[in-house]
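In case you want the letters, here they are:
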Amino acid sequence: MLKRLYAYTTWIAAVAFILLALMVSVARVFLPLVAEERALIEARVGELLGQPIRIASVEADIRWLVPRAYLQDVEMLDPSGEQVLLRAEQFIIDFDPLDSLLALAPRIRQVSVRGVDLEVTRTHDDRLVVLGVWEQSLREAARERSGAAWAGLRDLRFNVGESRVHWVDEPTGRDFVFERIQLAIELDEQRLRVAGRLDPPADLGKSLEVVADLRGDLHRAGGWSGSVYARGDSLHFPLLPAGTLLARQGLEEGEGSIEVWSRWREGRPVRIAGKAALKGLAFRLAPAMDAPGSHRLDRLAGRFVWEDRGDDGWRLQAEELSVERDGRAWPAGGFEVALKSGEDGRFLRVSSDTLRLEDVAPLARLGDYLDPDLRERLARLAPRGDVRDLWLDASWQGGRVDWLRADGRVGNLGFEPLPELRLPGLSGLDAHFEATRDGGELTLITGGLGVTYPNVFEQPLEIEQLLGTLQWRRGRDGWRVQTDRMQVVNADLRVAGTLAVEGPRDAATVIDLRLDVEDGRVAAVHRYLPKTLAPNVRSWLA
């Protein structure tokens, strides 16, 4: 048995040695031919890249039994063959000896490129010009690449190192040089793997990294799936070339670090997760009367997950959220928003630990998504205060709300009056609320409440204390609003009482108000008289 095993081992070693010797012999014969066929190599590489190529010299040797060719001072030319568009110091081509032996033809395993200097220009009409002659966007260029060119690049590994990209941004009049670019690419029949890193200029950030693993038909939109990882440290977003996309979404200033993991299916993102630590953010808002045209956040940090649920909708979740504006920091927390669509309508679910309205409400004016009238009213309303422990479930179809459930607390809530809607302005409201489509309850525990109601009162009303519960219900015949024994205290009076208001659909509104007034100051009565009273009645009561 041992003799037989020894014989097999000896036989395998002998065959391996013979194959190795044969590959080395073939390589030694083949390599001098490679160095002599510079014109043929220029033609082949030029055909692959779609541009004329000029190579100063070709050398070849063997490294660790791997045949290798060195293309020195490679230049990509314009179609006329006169202007140099791209220059690389060196191309290193590693051949696969076994595949070359079996195919009886050279087979490339890996291509390494060093010393590339590339110029990319973004024009005033938002097109990308690469190498000075490709006068189409990258998307159009990708569509024009032939399948044959892709086929020639399959089953290869590419490494790009010690290279630089010069970005010229015509709309902003700025240009940047990205140094020390390191890029590794593996491309086969149905897979593309990329890992890259570059050092941007100091005023743009510290570093950028990208890793991608994509599968499928890579030159067809929607034909691929995979995952992408990206990380940027100390980035200054508006100055980055990619920051132009953020600028279209309203971001004018901001810097920080961000790390993102994403999954893609059929060319679309299906899950994006990451973490960010940003500061000095400034957003450009859509115009709205006299409202400020920009909005700032001092700090925004946290972890986030966004998931696409296909035709059904999407979900966004944030954790460890840290927000600061004008020196005021939010309590630590997070939020979740989920939107679902179906044959029965749309469904929305929102939960949040804390929302500071004055910090987030202006962001509704990013872009032009809101109706101009609604945008105008929201800007004039200027909501402020904290909404805590919020839970909201809603469904609707068309303009009809089919289901609504909301629960939460408000602290120091305030907003400006909208006279055309007969909506009073409030400040300093503290309350707990529960609401459904057909009714709800508001529990008031407020100190320092201000009421501004220019439709009714001449002056704002100040309330030192407001306690009680307000309930509203919708029935078949209309709405009913009622309170338990409310208590109102301020410098002019102390009031306790109940209120019931019924608004039948086809009848006059009925109001039942019962009050007990104590410590009232007669001299202050005029402050509480409605403007709608006739002048002689106001004079008599005052």
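Residues numbered from 1 in each chain as written. Predicted model: local features only at pLDDT ≥ 70, side-chain atom pairs only at ≥ 80, totals over all residues. Heavy atoms only, no water.

**With respect to the packing of aromatic side chains**
Summed over the entire model, instances satisfying the criterion amount to two aromatic pairs. Taking 5.7 Å as the distance between ring centres and 35 degrees as the angle between the ring planes, the aromatic pair formed by tryptophan 224 and tryptophan 264 counts as tilted. Taken together, the positions of tryptophan 224 in strand β11 (residues 224-236) and tryptophan 264 in strand β12 (residues 251-265) put the pair 40 residues apart, joining distant regions of the chain. The exposure class assigned to tryptophan 224 is buried, which follows from its relative accessible area of 18%. What makes tryptophan 264 partly exposed here is its relative accessible area of 26%. (Phe/Tyr/Trp six-rings, centres within 6.5 Å; stacked < 30°, edge-to-face > 60°. Helix = DSSP H or I, 4+ residues; strand = E, 2+ residues; numbered from the N terminus. Buried < 20%, exposed > 50% of the residue type's maximum accessible area, 1.4 Å probe, protein only.)

**Regarding the environment of alanine 60**
You can see alanine 60 is positioned in strand β1 (residues 53-63). For alanine 60, a relative accessible area of 29% gives the class partly exposed. In sequence terms alanine 60 and isoleucine 92 are 32 residues apart; their C-alpha atoms lie 9.4 Å from each other.

**A short note on the pairing of strand β8 (residues 174-188)**
On a regular strand, each side chain points to the face opposite its neighbour's, so the side chains alternate between the two faces of the sheet. Sheet analysis places β8 next to strand β9 (residues 191-199), joined by eight bridges and oriented antiparallel. Looking at β9, one finds that glutamate 186 is bridged to arginine 193. Once β8 ends, the chain turns through two residues before running back antiparallel as β9. (Pairing = 2+ DSSP bridges.)

**Re the nonpolar core**
Of all hydrophobic cores here, the largest spans 26 residues; its most connected members are Leu444 and Leu449. Residue assignment for this core shows that the elements contributing at least two residues are β19 (384-397), β20 (400-415), β21 (425-436), β22 (439-452) and β23 (461-475). Take this core: its biggest share by element is five residues, from β21. Apart from the residues lying within four places of it in its own chain, the contact partners of leucine 444 are Leu429, Asp430, Ala431, Leu466, Leu467, Gly468 and Met486. Counting 21 residues, the second-largest nonpolar core is a separate cluster that includes Val165, Leu281, Leu285 and Leu297. (Core = buried A, V, L, I, M, F, W, Y, C linked by side-chain atoms within 4.5 Å. Contact = heavy atoms within 4.5 Å.)

**Quick word on the environment of asparagine 455**
By the element assignment, asparagine 455 lies in the loop between β22 and β23. Taking C-alpha positions, asparagine 455 is 9.3 Å from proline 417, a pair spaced 38 residues apart along the chain.

**Details of empty space enclosed by the protein**
Within the structure shown, the criterion is met by one cavity of 30 Å³ or more. Lining of the largest cavity is provided by Leu321, Ser322, Val323, Trp330, Pro331, Gly333, Gly334 and Thr354. Of all the secondary-structure elements, those providing two or more residues to the lining of the largest cavity are β15 (313-325) and β17 (333-342). Looking at which element gives the most residues to the lining of the largest cavity, the answer is β15, with three residues. Partitioned by chemical class, the residues of the lining of the largest cavity number four nonpolar, four polar and no charged. (1 Å grid on protein atoms, 1.4 Å probe; cavity = no way out; pocket = protein on both sides within 12 Å on 5 of 7 lines; lining within 4 Å. Points joined across faces, edges and corners; volume = space filled by probe spheres on them. Nonpolar A, V, L, I, M, F, W, Y, C, P; charged D, E, K, R; others polar.)

**Thoughts on unusual backbone geometry**
Positioned with a positive phi, aspartate 73 is a non-glycine residue whose angle comes to about 50 degrees. Relative to the helices and strands, aspartate 73 resides in strand β2 (residues 66-77). Of the residues examined, aspartate 73 reaches a relative accessible area of 44% and is grouped as partly exposed. Phi at alanine 382 is positive, roughly 45 degrees, even though this residue is not glycine. Its location among the elements puts alanine 382 in the loop between α8 (372-381) and β19. With a relative accessible area of 33%, alanine 382 lands in the partly exposed category.

**Comments concerning α8**
When we look at burial in α8, the residues that qualify are Arg375, Ala379 and Leu381. Projected down its long axis, α8 shows its buried positions confined to an angular sector of 160 degrees, all on one face. Check the buried side of α8 and you find it contacts β20. Backbone geometry just downstream of α8 places alanine 382 in the positive-phi region, at approximately 45 degrees. (Arc of directions from axis to C-beta.)

**Digging into the environment of alanine 500**
Take alanine 500: it is sitting in strand β26 (residues 494-504). Owing to a relative accessible area of 13%, alanine 500 belongs among the buried residues under this scheme. Sequence separation of alanine 500 and aspartate 484 is 16 residues, and the distance between their C-alpha atoms is 9.2 Å. Each residue touching alanine 500, except ones within four places of it in the same chain, is listed here: Arg480, Val481, Gln482, Val510, Ile511 and Asp512.

**Comments concerning the confidence of the model for the protein chain**
The predicted coordinates of low-pLDDT regions are not to be read in fine detail. With 79% of its residues at a pLDDT of 70 or more, the protein chain has an overall mean of 79. At the low end of the mean pLDDT range in the protein chain sits helix α4 (residues 138-144), at 44; at the high end sits strand β16 (residues 328-329), at 94. Below a pLDDT of 50 lies the segment residues 4-29, which in the model reaches twelve contacts outside its immediate sequence neighbourhood of four places, other chains included. (pLDDT = per-residue confidence, 0-100.)

**Comments concerning the layout of surface pockets**
In this model, the second largest pocket occupies a volume close to 1,900 Å³. In terms of lining residues, the second largest pocket is bounded by 39 residues, among which Phe457, Leu461, Ile463, Val488 and Leu499 are the most central. Within the residue set of the lining of the second largest pocket, elements represented by two or more residues are β21, β22, β23, β24 (478-483), β25 (486-489), β26 and β27 (510-518). Considered class by class, the residues forming the lining of the second largest pocket number 30 nonpolar, five polar and four charged.

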